[in-house]
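A structural walkthrough
Residue-level listing of the chains:
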Amino acid sequence: MESGSLIRLLCLVVAVLSGGLTATITSWISWAIEPSIGQALLSGGVAFGGCCALVLTAIRFLSGRDA
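This section reports on the structure supplied with the text. (Residues numbered from 1 in each chain as written. Predicted model: local features only at pLDDT ≥ 70, side-chain atom pairs only at ≥ 80, totals over all residues. Heavy atoms only, no water.)

1. Comments concerning the state of the cysteines
In this structure the tally under the stated criterion is zero disulfides. We note that Cys-51 lacks a disulfide partner, and the nearest cysteine sulfur, in Cys-52, lies 6.1 Å from it. Looking at Cys-51, the relative accessible area reads 15%, which means it is buried. (Disulfide = S-S within 2.5 Å. Buried < 20%, exposed > 50% of the residue type's maximum accessible area, 1.4 Å probe, protein only.)

Written out as structure tokens, the structure is:
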């Protein structure tokens, strides 16, 4: 694998791990406020998607590359 592929893979791993951590914390907070599995899963999914999008956009902006 070339260097560019490894960097993109690393960026994807960072985005998924940070999204997973954010989703877990958001789900726990949602569950603590109101014990509803559906609401906790929905809030975790939204937090995961938002965090992944934000992290990937920030990495793209900082690296100065166009998509």
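Now that the structure has been shown, the text picks up again.
2. Regarding helix 1 (residues 3-33)
For helix 1, which comprises 31 residues, the first-to-last C-alpha distance of 45 Å matches the rise-based estimate of 45 Å (1.5 Å per residue) to within 8%. Taken together, the buried positions of helix 1 are Cys-11, Ala-15, Gly-19, Ala-23, Ser-27 and Ser-30. Where the residues of helix 1 are buried, they touch helix 2 (37-63). (Helix = DSSP H or I, 4+ residues; strand = E, 2+ residues; numbered from the N terminus. Expected span 1.5 Å × (residues − 1). Contact = heavy atoms within 4.5 Å.)

3. Digging into the side chain of Ser-27
Mapped onto the elements, Ser-27 comes out in helix 1. Polar contacts involving the side chain of Ser-27 include one to the main-chain carbonyl oxygen of Ala-40, which spans 3.0 Å. Apart from the residues lying within four places of it in its own chain, the contact partners of Ser-27 are Ala-40, Ser-43 and Gly-44. (Polar contact = N/O pair within 3.5 Å; in protein donor to acceptor, adjacent residues only side chain to side chain.)

4. Some thoughts on a nonpolar patch on the surface
There is a patch of nonpolar side chains on the surface, built from Leu-6, Leu-9, Leu-12, Val-13, Val-16, Leu-17, Phe-48 and Leu-56 and spanning about 660 Å² of accessible area. If you list the elements that add at least two residues to the nonpolar patch, you get helix 1 and helix 2. Residue contributions to the nonpolar patch peak at six residues, all from helix 1. Tracing the backbone through its elements, the reader meets Val-13 in helix 1. The class for Val-13 is partly exposed, based on a relative accessible area of 38%. (Patch = residues over 30% accessible without salt bridge, like charges linked within 9 Å, V, L, I, M, F, W, Y side chains within 5 Å. Areas by Shrake-Rupley, 256 points an atom, 1.4 Å probe, with all protein chains shown as cover. Salt bridge = Lys/Arg side-chain N within 4 Å of Asp/Glu carboxyl O.)

5. Side note on helix 2
Its 27 residues place the ends of helix 2 38 Å apart at the C-alpha level, agreeing with the 39 Å of an ideal helix rising 1.5 Å per residue. Of the positions making up helix 2, those classed as buried are Ala-40, Gly-44, Ala-47, Cys-51, Cys-52 and Val-55. Where helix 2 terminates, the next one or two residues include Gly-64, which has phi positive at roughly 75 degrees.

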